[in-house]
Amino acid sequence: MTLSIVLFTSDLRLHDHPPLRAALDGSDAVVPLFVRDEAVADAGFTAPNRMAFLADCLTDLDAGLRERGGRLVVRSGDVVAEVCKVVAEADADEVHMAAGVSGYAHRREERLRAALEAEGCRLHVHETVITAVAPGAVTPASSDHFAVFTPYHRQWARQPLRDAVAAPRVVRVPDGVGSEEIPARSGVSGVSPSLAAGGETEGRKRVSAWLRNGIGAYEDRHDDMPGDATSRLSPFIHFGALSPVELVHRSAAAGGPGAEAFVRQLAWRDFHHQVLAVRPDASTADYRTKHDRWRSEDVAHDDIEAWREGRTGYPVVDAGMRQLRQEGWMHNRARLLTASFLVKTLYVDWRIGARHFLSLLVDGDVANNQLNWQWMAGTGTDSRPNRVLNPVTQAKRYDPDGVYVRRWVPELAGLDGRAVHEPWKLQGLDRAAYDYPDPIVELPEGLARFREGRGLAD
Ligand code: FAD
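What you see is a predicted model, and the numbers here were worked out from it, not measured in a lab.

Membership of the largest hydrophobic core comes to 110 residues, with the highest contact counts inside it found for Leu12, Trp307 and Trp373. The dominant element in this core, judged by the number of residues it contributes, is helix H11 (residues 256-278), at 11 residues. Once residues lying within four places of it in the same chain are set aside, the contact partners of Leu12 are Phe34, Leu54, Cys57, Leu58, Leu61, Glu200, Phe239, Gly240 and Ala241. Among the nonpolar cores identified, the runner-up in size contains 24 residues, and Leu7, Val73, Val80 and Ala92 belong to it.

A few words on the environment of Val317. Structurally, the position occupied by Val317 is in helix H13 (residues 315-327). Overall, Val317 belongs to the buried group, its relative accessible area being 0%. Between the alpha carbons of Val317 and Ala114 there is a distance of 48 Å; along the sequence they are 203 residues apart. Among all residues touching Val317, those that are not within four sequence positions of it are Trp307, Thr312, Leu337, Thr338, Phe341 and Pro391.

This paragraph deals with the domain arrangement of the protein. Entries for the protein in the domain assignment read domain 1 (3-129), domain 2 (131-163 + 200-278) and domain 3 (301-454). For domain 2 versus domain 3, the separation of C-alpha centres amounts to 26 Å. With 20 residues of domain 2 at the contact, the number on the domain 3 side is 25 residues. Taken together, the two surfaces of domain 2 and domain 3 that pack against each other cover about 2000 Å², and 60% of this comes from carbon and sulfur.

Taking 1.5 Å of rise per residue, the 16 residues of helix H5 (residues 103-118) would be expected to cover 22 Å, and the 23 Å separating its terminal C-alpha atoms lies within 8% of that figure. Considered for burial, the residues of H5 that qualify are Gly103, Ala105, Arg108, Glu109, Leu112, Ala115 and Leu116. In this structure, the buried residues of H5 make contact with strand E1 (3-8), helix H4 (79-90), strand E4 (94-98) and strand E5 (122-126). Of the residues one or two after H5, Gly120 is the one with positive phi, at around 75 degrees.

The next point concerns the site of the ligand. Close contacts around the ligand come from 28 residues, with Tyr218, Thr230, Ser231, Arg232 and Asn332 the closest. Taking Thr230, its side chain carries an N or O atom lying 2.6 Å from an oxygen atom of the ligand. Asp363 has a polar backbone atom sitting 2.9 Å from a nitrogen atom of the ligand. Broken down by secondary-structure element, the contributors of at least two residues to the shell around the ligand are helix H9 (234-238), H11, helix H14 (332-345) and helix H16 (366-377). In terms of residue count, the dominant contributor to the shell around the ligand is H11 (six residues). Residue classes in the shell around the ligand are distributed as 13 nonpolar, 10 polar and five charged.

Here we come to the sheet that holds strand E3 (residues 73-77). In spatial order, the strands read E3-E2-E1-E4-E5; together these five strands make up an open sheet with parallel pairing. The open sheet has two edge strands, E3 and E5, and neither has a second partner. The sheet shows a mean angle of 30 degrees between the axes of neighbouring strands, taken without regard to direction. Pairing between E1 and strand E2 (residues 29-37): six bridges, direction parallel. Residue pairing across strands places Leu3 opposite Ala29, the latter belonging to E2. Most of the contacts of H4 go to E2, to which it runs at about 155 degrees, and overall it touches E1, E2, E3 and E4.

Quick look at the pairing of E3 now. The element E3 is largely enclosed, with a buried count of four among its five residues. With five bridges connecting them, E2 and E3 associate as parallel partners. In the strand pairing of E3, Leu33 is matched with Val73.

Let's shift gears to the packing of aromatic side chains. Here the structure, examined in full by the defined rule, presents 18 aromatic pairs. Here Trp307 and Phe357 contribute two aromatic rings whose centre-to-centre distance is 6.1 Å and whose plane-to-plane angle is 5 degrees, an arrangement assigned as stacked. Here Phe357 lies in helix H15 (residues 350-360) and Trp307 lies in helix H12 (residues 301-309), a separation of 50 residues in the sequence. You can call Phe357 buried: its relative accessible area is 2%. Centre to centre, the rings of Trp307 and Trp373 are 6.0 Å apart; their planes meet at 75 degrees, and the pair counts as edge-to-face.

Sheet topology places E4 next to E5; five bridges connect them, and they run parallel. Looking at the pairing, Glu94 lines up with Arg122 of E5. Considered for its hand, the β-α-β crossover made up of E4, H5 and E5 is right-handed.

As a further point, take the packing of H14 against H16. Packing of H14 against H16 leaves a shortest axis separation of 9 Å and a crossing angle of 60 degrees. The angle between the axes of H14 and H16 places the two elements in the oblique class. Between H14 and H16 lies a crossing of right-handed hand. On the side of H14, the interface is formed by Leu336, Ala339, Ser340, Leu342, Val343 and Lys344, while H16 contributes Trp373, Trp375, Met376 and Ala377. Split by residue class, the contact of H14 with H16 holds eight nonpolar, one polar and one charged.

Moving on to the side chain of Gln323. Following the sequence through the fold, Gln323 ends up in helix H13. Residue Gln323 is classed as buried on the basis of its relative accessible area of 2%. A polar side-chain atom of Gln323 sits 3.4 Å from the main-chain amide nitrogen of His331. Discounting chain neighbours no more than four positions away, the residues touching Gln323 are Arg232, Gly328, Trp329, Met330, His331, Tyr404 and Trp408.

Rules behind the numbers
All residue numbers refer to position in the chain's written sequence, counted from 1. Where local features are concerned, this predicted model is filtered to residues with pLDDT of at least 70; where side-chain atom pairs are given and counted, the filter is 80 or more; whole-chain, interface and lining totals use all residues. Side-chain calculation: all heavy atoms of the structure are included, whereas hydrogens and water are not. What makes a nonpolar core is a set of buried Ala, Val, Leu, Ile, Met, Phe, Trp, Tyr and Cys residues whose side-chain atoms join them at distances within 4.5 Å. Residue exposure (1.4 Å probe, protein chains only): buried if accessible area is under 20% of the type maximum, exposed if over 50%, otherwise partly exposed. In DSSP terms, a helix is any run of H or I states spanning at least four residues, a strand is any run of E spanning at least two, and both are numbered starting from the N terminus. Pairs of residues are marked as contacts when any of their non-hydrogen atoms sit within 4.5 Å. The start and end points of each domain follow an automatic or database-based domain assignment. In this description, buried area is defined as the sum, over both parts, of the accessible area (probe of 1.4 Å) that is lost when the two are combined. Helix span is expected to be 1.5 Å times the residue number reduced by one. Nearness of a residue to a molecule or strand requires only that one of the residue's heavy atoms be within 4 Å of it. We define a polar contact as two N or O atoms separated by no more than 3.5 Å, with the added condition that, inside protein, one atom must be a possible hydrogen donor and the other a possible acceptor, whereas residues neighbouring each other in sequence contribute only through side-chain atom pairs. Gly falls in the polar group here, along with every residue not listed as nonpolar (Ala, Val, Leu, Ile, Met, Phe, Trp, Tyr, Cys, Pro) or charged (Asp, Glu, Lys, Arg). A strand pair is defined by DSSP finding two or more bridges across the two strands. To get an axis, a line is fitted to the C-alpha atoms, and for a helix only the part in contact is used. The angle between two axes follows their N-to-C directions and goes from 0 to 180 degrees. Here the aromatic set is Phe, Tyr and Trp, taking the six-membered ring for Trp, and pairing holds for ring centres within 6.5 Å; pairs whose planes are under 30 degrees apart are stacked, those over 60 apart are edge-to-face, and all others are tilted. Here is how to tell: hold the view so the strands point away, follow the path from the first strand over the helix to the second, and if it runs clockwise the crossover is right-handed. Working rule for angles: under 35 degrees goes down as roughly parallel, over 145 as roughly antiparallel, 65 to 115 as roughly perpendicular, anything else as oblique. We call a crossing left-handed when the near helix sits turned anticlockwise from the far one by less than a right angle, and right-handed when that turn is clockwise.

Have a look at this one:
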């Protein structure tokens, strides 16, 4: 009897799962394995919101496998050591897994390959499980990756996609391979009060609803902050409860400008992944340094705290930061505004902002988070690195009636559309009626500091 192990990582699903399909086709039985990797915890990457969502995903994966006659095996520890133990226990011939993108994922793969080879066991690594187009599959003539999105997207869109793989009907798992208990969301503390439920089943329901009711208006409404009209699929995509390849196919089948705009966002995700794949240092170091003299935690502690807590005195910035805390998720326009405020208006190191986002975001992802922060900081791939988003004009444009702000900053609930974005303009008693801070910095002062720090001042 031949036996394969499928090591699940950021691909917690049964539909469109090429490693599982290959393992089932090539062997009589499989061990679906997830290792709670101690290195991920040691690196501080186990934020409660993501741990809770992960627990939902594992519970759902186990349930899906049980419906098919199998089960999920969960272990904890060093991922390489645990896989080797399971290989020995099950007498496995092969291990299948998805190709990762980060520096850590590459090192994990190399270590695993070497350890398994020593045991006479083969490692198969599958591309296009975590991204729709594999990093490196499209490159410009003169470089190993694209540094600009538009030409990347042009080639990305021309790339033939593999067909989506059907979910298996039956999964045979041998007896005698023990598992820890599947972690439960209820066992995680410090979770945001309105965190979404996770898991492939939930994700697939949301995709169906999105394709029916949401995607058609996406092009027009993706920046509508109060309308909340984006897909909110990011955590499912991050954990691989949804397949990017399948999402592209299903969105393209829906057709129209909304679908086109949505698929373009999925290409942004692949774009950041292909940058990180060749520049793993971009998770912590400037991709293109501007020799900034950022303000650090020591120098700007009070400003950073006000930003984290949503007390900057700029309502739209505070609304975004409070949504992040409450839901573990933030609207993309709010991410742009809050990030611009920290790095440009407060001139604080982007790494401080990225770290805070990662401590709360349920979709928190090294490629997308760090490279979007770098984009906003102007140290990444933005071709206008010195752009500064004005939080007042942006708020008036994307939240014209102040509905988003009033939703998240209840202190200002009594103010109408215009006044809610500039409460400091209220006079006397009117001003005193609102228990809300004055702006921590004047916008021209922030701009001057940024220009000076970046060496742009006249
Ligand atoms: P939709 O608008 O419905 O887009 C569909 C999908 O496309 C998303 O789910 C996501 O997978 C992808 N996508 C959309 N926009 C981007 C983008 N700019 N870059 C990469 N992929 C994108 N996204 C994350 O998934 N994880 C992060 O940690 C993350 N951190 C960010 C930090 C900052 C400072 C900024 C400005 C953006 C960040 N984003 C991140 C990108 C984007 O904000 C989220 O993907 C999006 O808001 C998720 O909501 P949605 O699923 O409704 O997106």
